[in-house]
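Understanding the architecture of this molecule
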There are 2 protein chains.
Amino acid sequence: MNVLIVYAHEEPKSFNGAMRDTAVRVLRETGHTVEVSDLYVMRFNPVGGKHDFTTLTDPDYFKYGVEQTKASEAKTFAADVAAEQEKLLRADLLIFQFPLWWFGLPAIMKGWVDRVFAVGLTYGGGRWYSNGVFKRKRAMVSLTTGGGPTIYSPTGLNGEMDSLLFPIQHGMFYFLGFDVLPPFVAWSVARSSQEQREEYLRAYAERLRNWRTSETIHFPSLEEYDETMQLKS
Amino acid sequence: MNVLIVYAHEEPKSFNGAMRDTAVRVLRETGHTVEVSDLYVMRFNPVGGKHDFTTLTDPDYFKYGVEQTKASEAKTFAADVAAEQEKLLRADLLIFQFPLWWFGLPAIMKGWVDRVFAVGLTYGGGRWYSNGVFKRKRAMVSLTTGGGPTIYSPTGLNGEMDSLLFPIQHGMFYFLGFDVLPPFVAWSVARSSQEQREEYLRAYAERLRNWRTSETIHFPSLEEYDETMQLKS
């Protein structure tokens, strides 16, 4: 199977770097083909806009969705966007590896989503959520935090981690149809002991050995919503 | 009072542009000084990293928080970051004007937060949430969506808007100490009539005439959490 790791950290010696290296090693050992989009090394431009396209339908009034739809048909995405879309389309497992910044993705990774997850190519026309283009494929986040798990508990000061990850896990991955594996969180690594860090890497490796069979997060399917997109009671 | 509008849309004729223009006009009419950071026009670089600093404490091992802390003391932020920090520090009201992309900020605005909201200068050492640097100042989001309000209701397919905005309203604004005004949402503007759009602009203008006295969103204060950062029951 093909795995795409999208990786956002500028320091190769960081713990995020160690997690990426662990994932590449374990996934290759277990027979998978692994690609890494190392966004800082690639100097990936995260700003979505006119430069995403080799031609514009309407140069005088820029509407991002209209241009993405057109580019999906005409194959007129700029080379940097098209290259990432090809990686995404061939991935059976998608992993986002990042440090949690401001309770979400670092901008360089948020912009990878803004530009690569184009309407037309990756969703649209009823192809979303449980009917999404990527259904039966899997995705997960693997992240590091500054704070420990208690501050991210349901009654914690920073808010519950599952809620903070909802825009990513539900709004990005499940929106495209992916089955979503539970997040792997390395809590407060800067204040962790060497033993704790090694334990995180062992646990992450174990998680990745079982990614094809692990239970995924339950999100309701489209059939559980009525015609106004409300969950049926 | 000073107002800073951080604005992220590439098309000046967009509805986001009309909302920005409405805000600038109304706030000036009511006696305020308004600055706009027009991120696309500024070609703002949203990628947080080594280039945020004129010197590095440790060029061989990049730790973003360490470098931000040092730069806050030594005033060694790069010019583009320092200019935005000055605008932020003098703002009595901060407004984010943006189209909701993937249930959050467009990358160009997420990166404005990543780079400008630096530890040391804007938080740290017990200065956060109700004890934050920006307490008694106000902040709000003003956004456009693709979907209508029902798909963002508590039982809606996309998830509840308040939950989706939590990482911004609580995790960014309140984290720095801001009192947070309710969000202004222009729903599904691409499919709205001219009358509906004009009504949105009228309602937004009215909201902005009352920003100093309007009720803000209730978030618990630090005193309501115990020493492990759990809400006291």
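Let us look at the structure shown here. (Residues numbered from 1 in each chain as written. Chains lettered and ligands numbered in written order. Predicted model: local features only at pLDDT ≥ 70, side-chain atom pairs only at ≥ 80, totals over all residues. Heavy atoms only, no water.)

Some remarks on the relation of the copies chain B and chain A
How we decide: Least-squares fitting of one copy onto the other uses the C-alpha atoms of those residues that reach a pLDDT of at least 70 in both copies. We call two residues in contact when some of their heavy atoms are within 4.5 Å.
Turning chain B through 180° and shifting it by 0.0 Å along the axis lays it on chain A, with an RMSD of 0.0 Å. This pairing of chains is accounted for by a two-fold axis. The C-alpha atom lying nearest the rotation axis in chain B is that of B:Ala107; the distance is 2.4 Å. Taken as a fraction of all interface residues of chain B, those also at the interface in chain A reach 100%, which identifies the copy contact as same-surface.

Digging into helix 6 (residues 161-173) of chain A
Selection criterion: To get the bend at a given residue, fit one axis to the seven residues ending there, fit another to the seven starting there, and take the angle between those axes. Where helices and strands are cited, they refer to DSSP runs of H or I of at least four residues and of E of at least two residues respectively, numbered from the N terminus. Burial here depends on accessible area, computed with a 1.4 Å probe over protein chains only, as a share of the maximum for the residue type. Under 20% is buried, over 50% is exposed, and the range in between is partly exposed.
Considering bend angle alone, the principal kink of helix 6 of chain A is centred on A:Pro167 and spans about 25°. The element helix 6 of chain A is largely enclosed, with a buried count of 10 among its 13 residues. Next to the buried residues of helix 6 of chain A lie strand 3 (93-99), helix 5 (107-116), strand 4 (138-144) and strand 5 (179-180) of chain A together with helix 5 (161-173) of chain B.

Side note on empty space enclosed by the protein
Using a probe with the size of a water molecule, rolled over the atoms, empty space left in the structure can be pinpointed. Basically, it comes down to this: The way it works is a 1 Å grid over only the protein atoms, where trapped points that fit a 1.4 Å probe form a cavity and open points with protein on both sides within 12 Å along at least five of seven lines form a pocket, and then any residue with an atom within 4 Å of a point lines it. Grid points are joined across faces, edges and corners, and a volume is the space filled by probe spheres set on the points. Only Asp, Glu, Lys and Arg are considered charged in this grouping, and only Ala, Val, Leu, Ile, Met, Phe, Trp, Tyr, Cys and Pro are considered nonpolar; every other residue, Gly among them, is considered polar.
With the rule as written, the count across this model stands at 2 cavities of 30 Å³ or more. In this structure, the largest cavity occupies an estimated 190 Å³ of space. Forming the boundary of the largest cavity are 18 residues, of which A:Phe103, A:Gly104, B:Gly104, B:Leu105 and B:Pro167 lie nearest the centre. Sorting the residues of the lining of the largest cavity by element identifies helix 6 of chain A together with helix 5 of chain B as the ones contributing at least two each. Across the lining of the largest cavity, the residue classes break down as 14 nonpolar, 2 polar and 2 charged. If you add up the space inside the second largest cavity, you get close to 30 Å³.

What to know about the interface of chain B and chain A
Convention followed: By convention, the term buried area covers the 1.4 Å-probe accessible surface removed from two parts as they join, with the contributions of both added. Salt bridge criterion: a side-chain nitrogen from Lys or Arg within 4 Å of a carboxyl oxygen from Asp or Glu. Pairs of N or O atoms are called polar contacts if they sit within 3.5 Å, as long as, within protein, a hydrogen donor faces a hydrogen acceptor (for residues adjacent in sequence, only side-chain-to-side-chain pairs).
With 54 residues of chain B at the contact, the number on the chain A side is 54 residues. A combined buried area of about 4400 Å² lies between chain B and chain A, and 63% of that area is made up of carbon and sulfur atoms. Among the residues chain B hides against chain A, the three largest losses belong to B:Glu10, B:Trp102 and B:Leu157. Together they make up 20% of the total. Scanning the region where chain B abuts chain A turns up 0 salt bridges. Joining chain B to chain A, the criterion identifies 28 residue pairs in polar contact (both at pLDDT 80 or more).

Re the pairing of strand 4 (residues 138-144) of chain B
Consecutive side chains along a regular strand alternate between the two faces of the sheet. Residue and element names in this part refer to chain B. What counts is decided by this rule: One requirement defines pairing of two strands: DSSP has to find at least two bridges between them. Handedness of a crossover: with both strands directed away from the viewer, a clockwise path from the first strand across the helix to the second marks it as right-handed.
Taken across its 7 residues, strand 4 has 7 buried, putting it largely inside the fold. Of the two faces of strand 4, the one holding Arg 138, Met 140, Ser 142 and Thr 144 and the one holding Ala 139, Val 141 and Leu 143 are both buried throughout. The pairing of strand 3 (residues 93-99) with strand 4 spans 7 bridges and is classified as parallel. When the bridges of strand 4 are listed, Ile 95 appears paired with Met 140. Of the crossover connections in this fold, the one passing from strand 3 over helix 4 (residues 107-116) to the parallel strand 4 is right-handed. Pairing geometry for strand 4 and strand 5 (residues 179-180), over 2 bridges, is parallel. Note on strand 5: the bridge partner recorded for Ala 139 is Val 180. When strand 4 meets strand 6 (residues 184-186), the two strands line up parallel, connected through 3 bridges. Within the sheet, the bridge partner assigned to Ser 142 lies in strand 6 and is Phe 184.

Description of unusual backbone geometry
Residue and element names in this part refer to chain B. With a phi close to 50°, Arg 43 is a non-glycine residue in the positive phi region. Residue classification places Arg 43 among the exposed positions, given a relative accessible area of 75%. One non-glycine residue with positive phi stands out, namely Arg 136, at about 75°. Note that Arg 136 resides in the loop between helix 4 and strand 4.

Thoughts on the packing of aromatic side chains
Residues and elements named next belong to chain A. Basically, it comes down to this: Think of it this way: a Phe, Tyr or Trp ring, Trp meaning its six-membered ring, pairs with another when their centres are within 6.5 Å, and the plane angle makes it stacked under 30 degrees, edge-to-face over 60, tilted otherwise. Throughout this description, the term charge over a ring refers to an Arg CZ or Lys NZ atom that lies within 6 Å of the ring centre and within 35 degrees of the ring normal.
All chains considered together, the criterion is met by 50 aromatic pairs over all chains. Centre to centre, the rings of Trp 128 and Tyr 129 are 5.3 Å apart; their planes meet at 50°, and the pair counts as tilted. On the accessibility criterion, Tyr 129 (0% relative accessible area) is buried. On the basis of an interplanar angle of 35° and a centroid distance of 5.6 Å, the ring pair of Tyr 152 and Trp 187 is categorised as tilted. Taken as a pair, Tyr 152 in the loop between strand 4 and helix 6 and Trp 187 in the loop between strand 6 (184-186) and helix 7 (194-209) lie far apart in primary sequence, 35 residues in all. Here the guanidinium or amino end of Arg 20 rests over the ring plane of Tyr 7, the centre of that ring lying 4.3 Å away.

What about the nonpolar core?
Where we set the bar: Here, the term nonpolar core denotes a set of buried Ala, Val, Leu, Ile, Met, Phe, Trp, Tyr and Cys residues that are joined through side-chain atoms within 4.5 Å.
Core analysis: the biggest nonpolar cluster contains 157 residues, and A:Phe96, A:Trp112, B:Phe96 and B:Trp112 have the highest contact counts within it. What A:Trp112 contacts, discounting residues up to four positions off in sequence, is A:Leu4, A:Val6, A:Leu39, A:Phe44, A:Glu84, A:Leu88, A:Leu94, A:Phe96 and A:Phe117.

Considering the side chain of A:Ser214
Residues and elements named next belong to chain A. Along the chain, Ser 214 turns up in the segment after helix 7. Judged by its relative accessible area of 19%, Ser 214 is buried. Within the structure, the side chain of Ser 214 is placed 2.6 Å from the backbone oxygen of Asn 210, a separation counted as a polar contact. Those residues within four positions of Ser 214 in sequence are excluded, and the remaining contacts are Arg 138, Leu 181 and Arg 207.

Comments concerning the pattern of salt bridges
Counting across every chain of the model gives 22 salt bridges over all chains. For the salt bridge of A:Asp21 with A:Arg20, the shortest nitrogen-to-oxygen distance reads 3.2 Å. Residue class for A:Asp21 comes out partly exposed when judged on its relative accessible area of 41%. Relative accessible area serves as the criterion here: at 13%, A:Arg20 is assigned to the buried category. Of the charged contacts, one joins B:Arg20 and B:Asp38 as a salt bridge, the two residues approaching to 3.1 Å between their closest N and O atoms. With a gap of 18 residues between them, B:Arg20 in helix 1 (residues 15-29) and B:Asp38 in strand 2 (residues 33-38) connect regions that are remote in the sequence.

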